[in-house]
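# Summary of the model geometry
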Amino acid sequence: AGAAAAAGGGGIALHDFSGRLGEQRVHFHAMRLRDSLFLWVGAAPALASLAVAMCSPRDSIPVATSLLGDPSDTASACLAQRLGRCGSAGAGFRGGGESTGVGPRQSCFWWPWSHHPRSGGVRKTKKQIFVSYNLQNTDSNFTLLIENRIKEEMLAFPEKF
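Residues numbered from 1 in each chain as written. Predicted model: local features only at pLDDT ≥ 70, side-chain atom pairs only at ≥ 80, totals over all residues. Heavy atoms only, no water.

## Observations concerning the overall build of the protein chain
Under the convention used in this document: Only DSSP runs of H or I covering at least 4 residues are called helices, and only runs of E covering at least 2 are called strands; the numbering of each starts at the N terminus. By definition, residues are in contact when any of their heavy atoms lie within 4.5 Å. Method for areas: the Shrake-Rupley scheme with a 1.4 Å probe, in which residue coverage is limited to the protein chains shown.
Secondary structure summary: the protein chain contains two helices and nine strands in total. Start at the N end of the protein chain and walk to the C end: the helices and strands fall as β-β-β-β-β-β-α-β-β-β-α. Of all intrachain contacts in the protein chain linking residues separated by at least 6 positions in sequence, the fraction that spans at least 24 positions is 57%. As displayed, the protein chain offers around 8200 Å² of accessible surface, 55% of which is attributable to carbon and sulfur atoms.

Next comes the structure, spelled out in structure tokens:
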């Protein structure tokens, strides 16, 4: 369930969707630009954090960093890193999840989607990705629900991502 609008000429596509995850209604706003993707996740209008993930010539896992907000809150950076992809799908996969640094004293549990047990081979974006995660709940099970909802939408509307 979502409303979508695309602006012609500039290569910008806007896509809004939402879902009930557990007991909470979560809203998503995606803005696809030519070479990047901005993704906002929240329950109420706020921009408390912002992170970016991009490819590095030295690693198959995207490098992520916090741009806005509390640097000890890694939810935005971790989600940005997990949504990105560098090189071939699943490069660097070593059997389980990988803990990857996103900054000083920060790490994310990372599953390459093409190898995740519940992935279904979902294509991840190769673009620079900006993520603003504005929810209090950063529990790993809840963030997996967030990721799965985003993946569903990416499968249903790939042109919007």
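## Examining the pattern of salt bridges
To be explicit about the condition: Throughout this description, the term salt bridge denotes a Lys or Arg side-chain nitrogen within 4 Å of a carboxyl oxygen of Asp or Glu.
Considering all chains together, one arrives at three salt bridges under this definition. Arg149 is paired through a salt bridge with Glu152; the nearest N and O atoms lie 3.7 Å apart. Placement of the pair is Arg149 and Glu152 together in helix α2 (residues 140-156), with a separation of three residues, close to one helical turn. Here Glu153 ties to Arg149 by a salt bridge, and the two come within 2.7 Å at their closest N and O atoms.

## Section: the side chain of Ser36
Here Ser36 lies in strand β4 (residues 36-42). Apart from the residues within four sequence positions on either side, Ser36 is in contact with Met31, Lys127, Gln128 and Phe130.

## A closer look at the pairing of strand β3 (residues 24-32)
How we decide: Strands were regarded as paired on the criterion that DSSP finds at least two bridges between them.
Sheet topology places strand β2 (residues 12-21) next to β3; nine bridges connect them, and they run antiparallel. Across the sheet, residue Arg20 finds its bridge partner in β3, namely Arg25. Taken together, β2 and the strand that follows it, β3, pair antiparallel across an intervening segment of two residues, in which Gly22 is found at a positive phi of about 65°. Pairing geometry for β3 and β4, over six bridges, is antiparallel. Across the sheet, Phe28 pairs through a bridge with Val41, a residue of β4. Here β3 folds back onto β4, and the loop between the two strands holds three residues.

## A few points about the environment of Gln24
To be explicit about the condition: Burial here depends on accessible area, computed with a 1.4 Å probe over protein chains only, as a share of the maximum for the residue type. Under 20% is buried, over 50% is exposed, and the range in between is partly exposed.
One can find Gln24 in strand β3. On the basis of relative accessible area, Gln24 is assigned to the partly exposed category, the value being 26%. Remark: the alpha-carbon pair of Gln24 and Asn137, spanning 113 residues in sequence, is separated by 9.8 Å.

## Quick word on the nonpolar core
Selection rule: Remark: nonpolar core denotes a set of buried residues (Ala, Val, Leu, Ile, Met, Phe, Trp, Tyr, Cys) joined through side-chain atoms within 4.5 Å.
In terms of nonpolar packing, the biggest core is built from 25 residues, with Val26, Phe28, Val41, Leu79, Tyr133, Ile146 and Ile150 touching the most fellow members. Among the secondary structure elements, those contributing two or more residues to this core are β2, β3, β4, β5 (50-56), α1 (75-83), β9 (128-134) and α2. Ranked by residues supplied to this core, first place goes to α1 with five residues. Aside from chain neighbours lying at most four places away, what touches Tyr133 is Val41, Ser49, Ala75, Ser76, Leu79, Thr138, Phe142, Thr143 and Ile146.

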